[in-house]
Amino acid sequence: KLPLLHTWSLSAELQFYGVYALVGLAPLPARMRRALFLVSVLMSAVVFFSSQTAGTFAYYLLPPRLWQFLIGALARTAPGTVDGKCRWRLEAGLLLALAGLLSSPVGLYPAKAVPAIACLSVAVIISFGSSSSADSSMVLRLLSVPPLQHLADISYSLYLWHWPALSFADMIWPAAR
């Protein structure tokens, strides 16, 4: 095992967020921002449907992963809103998103579908979690409890440390597998 294999994601993130930050910080008129939003949606769809292939390229490089970053960016920049009559739709959508997120590592569906289901689930939660509807949602209140917030705060650090720890443990105690 290669202890730092997972750091490829850092380079993909840097490539995306470097460009995204430049575009996001640029003083653009509202029409231009809407146009960029629509282009991002179309790019997400095209890249997603054209990159569902296996192999080293699809796993490590930015272009096949671009749809994941774009979905996150779109979810954050286009928060969902729900009027008073549709609160049950908000709650049902958030429950489905939470179920999709919790079931993604369990193996209920093909491995190729896991990233899409996890990304879309998180996008729904982010989109509606940043809206004015968030205060009344049972799911969002549950996700806001301090232990879950703390886990969310440290999750990326856990991601960065888990692989080296497992790799070194396997090198030291290979029979423990």
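Scroll up to find the structure.
Everything numeric here is computed off the predicted structure, so don't read it as measured data.

A. Structural context of the overall build of the chain. Helix and strand content of the chain: eight helices and zero strands. Reading the helices (α) and strands (β) of the chain from amino to carboxyl end gives α-α-α-α-α-α-α-α. Across the chain, contacts joining residues at least 24 apart in sequence account for 69% of those joining residues at least 6 apart. As presented, the chain carries roughly 11700 Å² of accessible surface, and 74% of it is formed by carbon and sulfur atoms.

B. Molecular detail of the nonpolar core. With eight residues, the main nonpolar core is built from Trp-8, Ala-12, Phe-16, Leu-62, Leu-66, Phe-69, Leu-70 and Ala-73. Among the secondary structure elements, those contributing two or more residues to this core are helix 1 (8–25) and helix 4 (62–77).

C. Spatial organisation of helix 6 (residues 114–129). Across its 16 residues, helix 6 extends 22 Å between first and last C-alpha, which sits within 8% of the 22 Å expected from 1.5 Å per residue. All of the buried residues in helix 6 are Ala-116, Ala-118, Cys-119, Ser-121, Ala-123, Ile-125 and Ser-127.

D. Geometry of the environment of Ile-125. Secondary-structure assignment places Ile-125 in helix 6. With 35 residues separating them along the chain, Ile-125 and Leu-90 place their C-alpha atoms 10.0 Å apart. Other than its neighbours up to four places away in sequence, Ile-125 contacts Leu-94, Ala-97, Leu-98, Leu-101, Leu-140 and Leu-143.

E. How the structure looks around the packing of aromatic side chains. With the rule as written, the count across this model stands at one aromatic pair. Plain terms: the ring middles of Tyr-156 and Tyr-159 are 5.8 Å apart, the flat faces sit at 35° to each other, and that makes the pair tilted. Remark: Tyr-159 and Tyr-156 occur in helix 8 (residues 146–172); sequence separation between them is three residues, near one turn of the helix. Classification of Tyr-156 by relative accessible area gives partly exposed; the value is 35%.

F. View of a nonpolar patch on the surface. On the surface, Leu-142, Val-145, Leu-148, Leu-151 and Leu-158 cluster together into a nonpolar patch covering about 400 Å² of accessible area. Looking at the nonpolar patch, the element that brings in the most residues is helix 8, giving three residues. Structurally, the position occupied by Leu-158 is in helix 8. Overall, the relative accessible area of 46% leaves Leu-158 in the partly exposed class.

G. The arrangement of helix 5 (residues 87–103) in detail. For helix 5, built from 17 residues, the straight-helix expectation of 24 Å at 1.5 Å per residue is met to within 8% by its first-to-last C-alpha distance of 24 Å. Among the residues making up helix 5, those that are buried are Leu-90, Glu-91, Leu-94, Ala-97, Leu-98, Gly-100 and Ser-103. Contacts from the buried residues of helix 5 go to helix 6 and helix 7 (138–143).

H. Quick look at the packing of helix 5 against helix 6. Helix 6 packs onto helix 5 with a crossing angle of 140° between their chain directions and a minimal axis gap of 8 Å. Where helix 5 crosses over helix 6, the handedness of that crossing is left-handed. Facing Leu-90, Gly-93, Leu-94, Ala-97, Leu-98, Gly-100 and Leu-101 of helix 5, the residues of helix 6 in contact are Ile-117, Ala-118, Ser-121, Val-122, Val-124, Ile-125 and Phe-128. Looking at side-chain class alone, the contact of helix 5 with helix 6 contains 11 nonpolar, three polar and no charged residues.

I. Summary view of the environment of Pro-3. Residue position: Pro-3 is located in the segment before helix 1. A sequence separation of 163 residues divides Pro-3 from Leu-166, and the C-alpha atoms of the two residues are 7.9 Å apart. Beyond its immediate stretch of four places on either side in the chain, Pro-3 contacts Trp-163, Pro-164, Ser-167, Phe-168 and Met-171.

J. Representation of the environment of Val-122. Structurally, Val-122 can be placed in helix 6. Note: C-alpha distance between Val-122 and Ala-75 (47 residues apart in sequence) is 8.7 Å.

Here is what the cut-offs are and how they apply
- Residues numbered from 1 in each chain as written.
- Predicted model: local features only at pLDDT ≥ 70, side-chain atom pairs only at ≥ 80, totals over all residues.
- Heavy atoms only, no water.
- Helix = DSSP H or I, 4+ residues; strand = E, 2+ residues; numbered from the N terminus.
- Contact = heavy atoms within 4.5 Å.
- Areas by Shrake-Rupley, 256 points an atom, 1.4 Å probe, with all protein chains shown as cover.
- Core = buried A, V, L, I, M, F, W, Y, C linked by side-chain atoms within 4.5 Å.
- Buried < 20%, exposed > 50% of the residue type's maximum accessible area, 1.4 Å probe, protein only.
- Expected span 1.5 Å × (residues − 1).
- Phe/Tyr/Trp six-rings, centres within 6.5 Å; stacked < 30°, edge-to-face > 60°.
- Patch = residues over 30% accessible without salt bridge, like charges linked within 9 Å, V, L, I, M, F, W, Y side chains within 5 Å.
- Salt bridge = Lys/Arg side-chain N within 4 Å of Asp/Glu carboxyl O.
- Axes fitted to C-alpha atoms, helices over the stretch in contact; angles between N-to-C directions.
- Left-handed = near helix turned anticlockwise from the far one by under 90°.
- Nonpolar A, V, L, I, M, F, W, Y, C, P; charged D, E, K, R; others polar.

All we've got here are geometric facts, nothing functional implied.
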